[in-house]
Amino acid sequence: MKTSKYFIFFALFLTVLSCKTSQISSPKPIFPIPTSDQLAWHELETYAFIHFTTNTFTGKEWGYGDESPSIFNPTDMDVDSWIKTIKDAGLKAVILTCKHHDGFVLWPSKFTSHSVAASPYKNGKGDVVKEVSEACKKYGLKFGVYLSPWDRNRADYGTPSYVEYYRNQLKELFAAYGPVFEMWFDGANGGDGYYGGSKETRKINGKTFYDWPKTIDLVRGLEPKILFFSDAGPEIRWVGNERGLAGRTNWNNISRDTLYAGKAGIEGVLNTGHENGKDWVPAEVDVSIRPGWFYHAEEDSKVKTPEQLFEIYLTSVGRGSNLLLNIPPDRRGLIHEIDATYLLAWKKLINEKFSNNLAKGAKVSVSSKFSNKQKPENLIDDNTKTYWAAAEGYKNASVVLDFGKKQVINFVELQEFITLGQRVKSFSIEIWDGNNWKEAAIETTIGYKRIIKIKETQTQKIRININDSKAEVILSEIRVW
Ligand code: FUL
Ligand code: CA
């Protein structure tokens, strides 16, 4: 009787103790944190933009809005081959310009006659949006929609009936061509246009005219998992330039309430994000494989080479952003041979540079750990869902990887476990020269992924020093190439 009493007491004591330890056995999140749909978006890393409309046939970048649908006439259209090339190049999704600023729409919309239905393409029976979305399904790629808010064709542009028209088109698109993973709202509003023949300059108030909150609610009602891209989100932000450059410092955080699409002078903060931003709004890097967004034969000699594309990969994905690479079909309705060749060579280059992960099988030692659950080996298990964390509250930490013998090193790749928020503010990489540690790189943020190119060196050991962080350091993966 007496023994069992003691036993119960002891068991209770143990339970309380274990509750206490399990409470602190995982680090707490540092807000803001990504939603599960944003997390899935981060994992896409690279996807394609397709700009295709009457501009392809007029040679313009911004059609005025008076183009006759009769000029939209691709001679050898093969959407299947576009999507196959994109898939072979390792890209994970496609965003199509269903309507660019000129107002010509690529599906047979019942709300306008300024569309593919009035063109010679398939004798007016064609539907490019349908073809692209179906080919994406066939090849297992996600499908996204670009629908230009600015419309230089519409007579009612600038009045409430235009906003109604725009929303009707969204309803039509989301009903017929889903699922849609991302919706791209372009902030460009150049002013002048055809506007049903009035040929004038129309200025709208970018902050109020489109009443975005209402439009966004409408689309979310049709597609709950949709992610909205615009200059300032809500889910994905513009990176602030079209040259393929995410900020070397790149926070996923900004404060949405201080920004809106088209607001002047926000490129800087969009590029780097804001350390203390209240919302998780990661940057997407949109850049074209050619100088223009649309195909122009005179730019055939200016297609970005595999090496240039690789540099862009490093300054976008390698800086914690996603890369939206534009690949515009030509007048035949094909991805030009030069573009296709360079794309596949780029993919090959990525595969070659990142083929031999030296971190696999290395000996990992860390300066501290949160608990036995977040073991250092989690850093090299090729699984982004497992992580190592420094001891509670430790805003600096170091990790040493020992390869056991000298190895040639070119790149170091780091990933934070962003499910618990972005933390690291500054870090450095050091190389062991046999006697001393030598600094090889000094950088700021990491985020979802950071790839640091270092001067080719032979070494047996590298050390990553996290010098400052918002809270205890948490990394999910380290790879060394
Ligand atoms: C810009 C547009 O004006 C360009 O034509 C292109 O569509 C690019 C992706 O966005 O704002
Ligand atoms: Ca891991």
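Residues numbered from 1 in each chain as written. Chains lettered and ligands numbered in written order. Predicted model: local features only at pLDDT ≥ 70, side-chain atom pairs only at ≥ 80, totals over all residues. Heavy atoms only, no water.

## Some details on the overall build of the protein chain
Working step 1: Looking only at helices and strands, the protein chain features 10 helices and 19 strands.
Working step 2: Its C-alpha atoms give the protein chain a radius of gyration of 26 Å, within 12% of the compact-globule value 23 Å for 481 residues.
Working step 3: Expressed along its principal axes, the backbone C-alpha trace of the protein chain runs to roughly 90 × 60 × 40 Å.
Working step 4: A total of 481 residues make up the protein chain; the buried ones form 57% of that total.
Working step 5: Look at the contacts in the protein chain between residues 6 or more apart in sequence, and 76% of them connect residues 24 or more apart.
Working step 6: When the accessible area of the protein chain is evaluated, it comes to approximately 20,400 Å², of which 53% is carbon and sulfur surface.
Working step 7: Side chains of the protein chain give 62 positive and 58 negative charges; the mean places of these two sets differ by 7 Å. (Helix = DSSP H or I, 4+ residues; strand = E, 2+ residues; numbered from the N terminus. Rg over C-alpha atoms; globule rule 2.2 N^0.38 Å. Buried < 20%, exposed > 50% of the residue type's maximum accessible area, 1.4 Å probe, protein only. Contact = heavy atoms within 4.5 Å. Areas by Shrake-Rupley, 256 points an atom, 1.4 Å probe, with all protein chains shown as cover. Lys, Arg positive; Asp, Glu negative; His and termini not counted. Charge placed at Lys NZ, Arg CZ, Asp CG, Glu CD.)

## Thoughts on the environment of valine 129
Working step 1: Relative to the elements of secondary structure, valine 129 occurs in helix H5 (residues 128-139).
Working step 2: Looking at valine 129, the relative accessible area reads 0%, which means it is buried.
Working step 3: With near-sequence residues (within four places) excluded, valine 129 lies in contact with Leu96, Cys98, Leu106, Trp107, Phe143, Leu173 and Tyr177.

## Let's talk about the domain arrangement of the protein chain
Working step 1: In terms of domain boundaries, the protein chain breaks down into domain 1 (36-353) and domain 2 (358-480).
Working step 2: Computed over C-alpha atoms only, the centres of domain 1 and domain 2 are separated by 36 Å.
Working step 3: At the junction of the two partners, domain 1 supplies 22 residues and domain 2 supplies 21 residues.
Working step 4: In total, about 1,800 Å² of surface goes out of reach between domain 1 and domain 2, with carbon and sulfur atoms giving 51% of it.
Working step 5: With a closest N to O distance of 3.0 Å, lysine 453 and glutamate 311 form a salt bridge.
Working step 6: For the pair domain 1 and domain 2, the interface holds 15 residue pairs in polar contact (both at pLDDT 80 or more).
Working step 7: Elements with a minimum of two residues in the side of domain 1 that touches domain 2: helix H2 (36-42) and helix H9 (306-316). (Domains from an automatic or database assignment. Buried area = accessible area lost by both parts, 1.4 Å probe. Salt bridge = Lys/Arg side-chain N within 4 Å of Asp/Glu carboxyl O. Polar contact = N/O pair within 3.5 Å; in protein donor to acceptor, adjacent residues only side chain to side chain.)

## Here's the deal with helix H6 (residues 160-177)
Working step 1: Between the first and last C-alpha of H6 there are 26 Å, a value that for 18 residues agrees with the 26 Å anticipated at 1.5 Å per step.
Working step 2: Among all positions in H6, only Tyr162, Val163, Tyr165, Tyr166, Arg167, Asn168, Gln169, Leu170, Glu172, Leu173, Phe174 and Tyr177 are buried.
Working step 3: Where the residues of H6 are buried, they touch strand S2 (93-99), H5, strand S3 (142-147), strand S4 (182-184) and helix H7 (212-222). (Expected span 1.5 Å × (residues − 1).)

## Let's talk about the side chain of asparagine 153
Working step 1: Secondary-structure assignment places asparagine 153 in the loop between S3 and H6.
Working step 2: Here asparagine 153 falls in the buried class, since its relative accessible area comes to 14%.
Working step 3: Aside from chain neighbours lying at most four places away, what touches asparagine 153 is Gly65, Asp102, Gly103, His114, Tyr194, Tyr195 and Gly196.

## Let's talk about the layout of surface pockets
Working step 1: Taken as a whole, the largest pocket holds about 700 Å³ of empty space.
Working step 2: What lines the largest pocket is a set of 40 residues, among which Asp186, Gly187, Ala188, Asn189 and Asp231 lie closest to the centre.
Working step 3: Grouping the amino acids of the lining of the largest pocket by side-chain chemistry returns 19 nonpolar, 11 polar and 10 charged. (1 Å grid on protein atoms, 1.4 Å probe; cavity = no way out; pocket = protein on both sides within 12 Å on 5 of 7 lines; lining within 4 Å. Points joined across faces, edges and corners; volume = space filled by probe spheres on them. Nonpolar A, V, L, I, M, F, W, Y, C, P; charged D, E, K, R; others polar.)

## Observations concerning the packing of helix H4 (residues 79-88) against H5
Working step 1: Direction vectors running N to C along H4 and H5 enclose 40°, while the axes themselves pass 9 Å from each other. The angle between H4 and H5 places the two elements in the oblique class. Pair H4 / H5 crosses with right-handed handedness. Judged by residue contacts, Val79, Asp80, Trp82, Ile83, Lys84 and Lys87 of H4 engage Val128, Glu131, Val132, Ala135, Cys136, Lys138 and Tyr139 from H5.
Working step 2: In the contact of H4 with H5, the residues fall into eight nonpolar, no polar and five charged. (Axes fitted to C-alpha atoms, helices over the stretch in contact; angles between N-to-C directions. Parallel < 35°, antiparallel > 145°, perpendicular 65-115°, else oblique. Left-handed = near helix turned anticlockwise from the far one by under 90°.)

## Points about the coordination of the calcium ion (ligand 2)
Working step 1: Distances from the calcium ion (ligand 2) to its protein donors, Asn378 (O), Asp381 (OD), Asn383 (O), Thr386 (O), Thr386 (OG1), Ser476 (O) and Glu477 (OE), fall within 2.2 to 2.7 Å.
Working step 2: The sequence pattern describing where the donors of the calcium ion (ligand 2) fall on their chain is N-x2-D-x1-N-x2-T-x89-S-E. With asparagine 378 in the loop between strand S13 (363-366) and strand S14 (388-389) and serine 476 in strand S19 (residues 474-480), this pair connects stretches of sequence that are 98 residues apart.
Working step 3: Residue asparagine 378 is classed as buried on the basis of its relative accessible area, which comes to 8%. (Donors = N, O, S within 2.8 Å, 3.2 Å for Na, K, Ca; no water.)

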